[in-house]
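Here's the letter readout for the chains.
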Amino acid sequence: MTTNRATVHLTTPFCDCRKMCTEQLELLRNPQMEPFNNLVAQQRLLKEQMDIELRSLMELNQKVILDPPDLARMYLLTTELQLQMRQLELYHAELQQLLGQSSAACIAALVIKKQPFPIVISKLKQLNDDQLTVYMLTGAYPNFQIMSSVKATLICDTHNPSSSKSGGPANPLDCDSQAISLQNKVATFPLKFMQGTRKASVNIKFGVSVRSTGGTPATIESNMSNPFVVITNECQWEGSAGTLLKKDAFGGSLEIPWPQFVNALQRHFLLATKQDPVRPKRPLSVYDFQYINTQFFGSRSIIHQKDYDAFWGWFGKSMQTLRYQRHICNLWQNGIIYGYMGRDDVNAALNNQEPGTFIIRFSERNPGQFGIAYTGTELPTRIKHYLVQANDTAAARRTFPDFLSDCGQFVYLLQLTHDPATGRPLFTKSHKDIALEPYAARKASQTPVGGYEPLTA
């Protein structure tokens, strides 16, 4: 099955749901038994179709490693299907009220239509207006009035972030109450996160007060958002991101299929490196996944949760480096950093290369650090491996590109590209000054002083 098939299958239910609203409204205004029975049958059939589609999308996630565009489409379709299922439930409840088989409760629901989660977000960070959207679903004939703004509440299983012992703000959220538009029934939430969650994952739930016609006030609550973590400093990112990925990939299972883990990992990687989920510049490739499976999961098709912590202890540190170290994410996206590559493969790539040719990868034995493999100048020629040290880039203005630019041992960079026909990784060779020019600091020309001359090669 492909996501293209899923897209075609979903077209009919979405159209039928809109058509059903018109037919149901007409029935409510002019009740008749035959149209009623027809609508009940339509709703039953539509629910069966949606159940099939949801199961198909779940199976797709478990069996197929999806490319980023298909992965984004799968998550979008799943969200849309769940929203439509909730809408169908409201239509069914409205028909039951017409028969007098249920109380005159408010036929409405709050749903989260768009959200940026699961993410790790920094304390005092504010969401953009269009990142978090709540939508009110109703029956065909709304039978209520909205009595309040929509209120966001933080939900946490392990602690209460609002109980600050350090005199911090009592409310962990700012901009947490928003009016819902009567025209399109949408409320947008530019939430600001006032406290950290102590590296624990939390969720958000929304509520609004309504009054049904002739009834008493009631509160309608939404489903919970996807989980997220609020951190107070960047040192907390690695552990927090690992918690979210583990929860998203495994849920409550102890083991999952390899494609399911890969799809979750790709999603979180694109979020962490702030890439477009549909058109990322450099997502993780099938060769990166093969490397990860071999190194950490024994090339197995079923991934056990007990192996996850060892994997994240290494991979999470490389993610932290990509996310926070200056220029590194750009170097990755442009193939200057190859990244995930074993020593044997590096040696094979550098075999018969001229002296000074080098490749940058993540060290296998030193998580989060870079190893630079290069061809030495001595005879007989041999391949050397250098571990980049913290003090190599410790100076206030010395970045990793500056370090590479300054080291005379590194001359010709093997930069990652891909064969446009097969997608296989290829290397292009260029002088490092050309590859690093957008990132390395410009060297000031030396001016002769007092009869002295500058150093020359």
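This is a predicted model, so every value here is computed, not measured. Throughout, a residue's number is its position along its own chain's written sequence, starting from 1. With pLDDT at 70 or above as the cut-off, local features in this predicted model cover only qualifying residues; side-chain atom pairs require 80 or more to be listed or tallied, and sums for whole chains, interfaces and linings still use all residues. To obtain the side-chain values, all non-hydrogen atoms of the structure were used and water was disregarded.

The way it works is that DSSP assigns letters per residue, a run of H or I at least four long becomes a helix, a run of E at least two long becomes a strand, and they are numbered from the N terminus. Regarding its fold elements, the protein chain presents 11 helices and 19 strands. Summarising the internal contacts of the protein chain: among those between residues at least 6 apart in sequence, 65% fall at separations of at least 24. Where accessible areas are quoted, they stem from the Shrake-Rupley method and a 1.4 Å probe; at the residue level, only the protein chains shown are allowed to cover. Working note: accessible area of the protein chain is about 23,800 Å², and carbon and sulfur atoms make up 50% of it. Contacts were defined at the residue level, with two residues in contact if any of their heavy atoms lie within 4.5 Å.

Turning next to the sheet that holds strand β8 (residues 186-188). Strands are labelled as partners when DSSP assigns at least two bridges between them. Pairing within the open sheet is antiparallel, and its three strands lie in the order β1-β3-β8. Only two strands of the sheet have a single partner each, and these edge strands are β1 (108-114) and β8. Neighbour-to-neighbour, the strand axes of this sheet turn through a mean angle of 25°, independent of strand direction. Bridging between strand β3 (residues 133-138) and β8 involves three bridges; their strand directions are antiparallel. Residue pairing across strands places Thr133 opposite Thr188, the latter belonging to β8. Only the contacting stretch of a helix is used when fitting its axis, a line to C-alpha atoms as for every element, and angles between N-to-C directions run 0 to 180 degrees. Strands β1 and β3 of the sheet are contacted by helix α3 (residues 68-99), whose axis makes an angle of about 170° with β1.

Structurally, the position occupied by Asp392 is in the loop between β17 (383-387) and α10 (400-406). Buried within the structure, Asp392 lacks any salt-bridge partner; its nearest side chain of opposite charge belongs to Arg398, at an N-O separation of 5.0 Å. A polar side-chain atom of Asp392 sits 2.7 Å from the main-chain amide nitrogen of Gln389. If near-sequence neighbours (up to four positions away) are discounted, Asp392 is found in contact with Tyr386, Leu387, Arg398 and Phe403. Under the scheme applied here, a residue whose accessible area is under 20% of the maximum for its type counts as buried, over 50% as exposed, and between as partly exposed, the area being computed with a 1.4 Å probe on protein chains only. In summary, the charge assignment counts Lys and Arg as positive and Asp and Glu as negative, without counting His or the chain termini. Each reported salt bridge corresponds to a side-chain nitrogen of Lys or Arg within 4 Å of a carboxyl oxygen of Asp or Glu. For the purposes of these results, a polar contact is taken to be a pair of N or O atoms within 3.5 Å, where, inside protein, one atom must be able to donate a hydrogen and its partner to accept one; residues adjacent in sequence count only when each atom of the pair is a side-chain atom.

Looking now at the packing of aromatic side chains. Here a Phe, Tyr or Trp ring, Trp counted by its six-membered ring, pairs with any other such ring whose centre lies within 6.5 Å, and the pair is stacked when the planes are under 30 degrees apart, edge-to-face when over 60, and tilted otherwise. What the rule picks out here adds up to 33 aromatic pairs. A centroid spacing of 6.3 Å and a plane angle of 80° characterise the contact between Trp237 and Tyr324, whose relative ring orientation is edge-to-face. With Trp237 in helix α4 (residues 237-250) and Tyr324 in helix α7 (residues 308-324), this residue pair connects regions lying 87 residues apart in the sequence. When its relative accessible area of 3% is taken as the criterion, Trp237 is described as buried. On the numbers, 4.9 Å between centres and 15° between planes, the contact of Phe370 with Phe400 is stacked.

Moving on, we come to helix α2 (residues 33-63). With 31 residues, α2 ought to run about 45 Å at 1.5 Å a step, and its terminal C-alpha atoms sit 45 Å apart, in line with that. All buried positions along α2 are accounted for by Phe36, Leu39, Val40, Gln43, Leu46, Met50, Glu53, Ser56, Leu57, Leu60 and Asn61. Take the number of residues in a helix, subtract one, and multiply by 1.5 Å to get its expected span.

Right, let's get into the pairing of strand β15 (residues 357-362). Across the six residues of β15, six count as buried, placing the element largely inside the fold. The alternating pattern of β15 places Thr357, Ile359 and Arg361 on one face and Phe358, Ile360 and Phe362 on the opposite face, and all of these are buried. Relative to strand β18 (residues 412-418), β15 runs parallel, the two sharing two bridges. In the sheet register, Thr357 faces β18, and the bridge partner there is Tyr412. Here five bridges tie β15 to strand β16 (residues 370-375), and the two strands are oriented antiparallel to one another. For Phe362, the partnering residue across the bridge sits in β16 and is Phe370.

What the five strands build is an open sheet, ordered β17-β16-β15-β18-β19; its pairing is mixed. Two strands close off the open sheet at either side, each with one partner strand: β17 and β19 (425-431). Across the sheet, the axes of successive neighbouring strands diverge by a mean angle of 35°, strand direction being ignored. Pairing geometry for β16 and β17, over five bridges, is antiparallel. Bridge pairing in β17 links Gly371 to Leu387.

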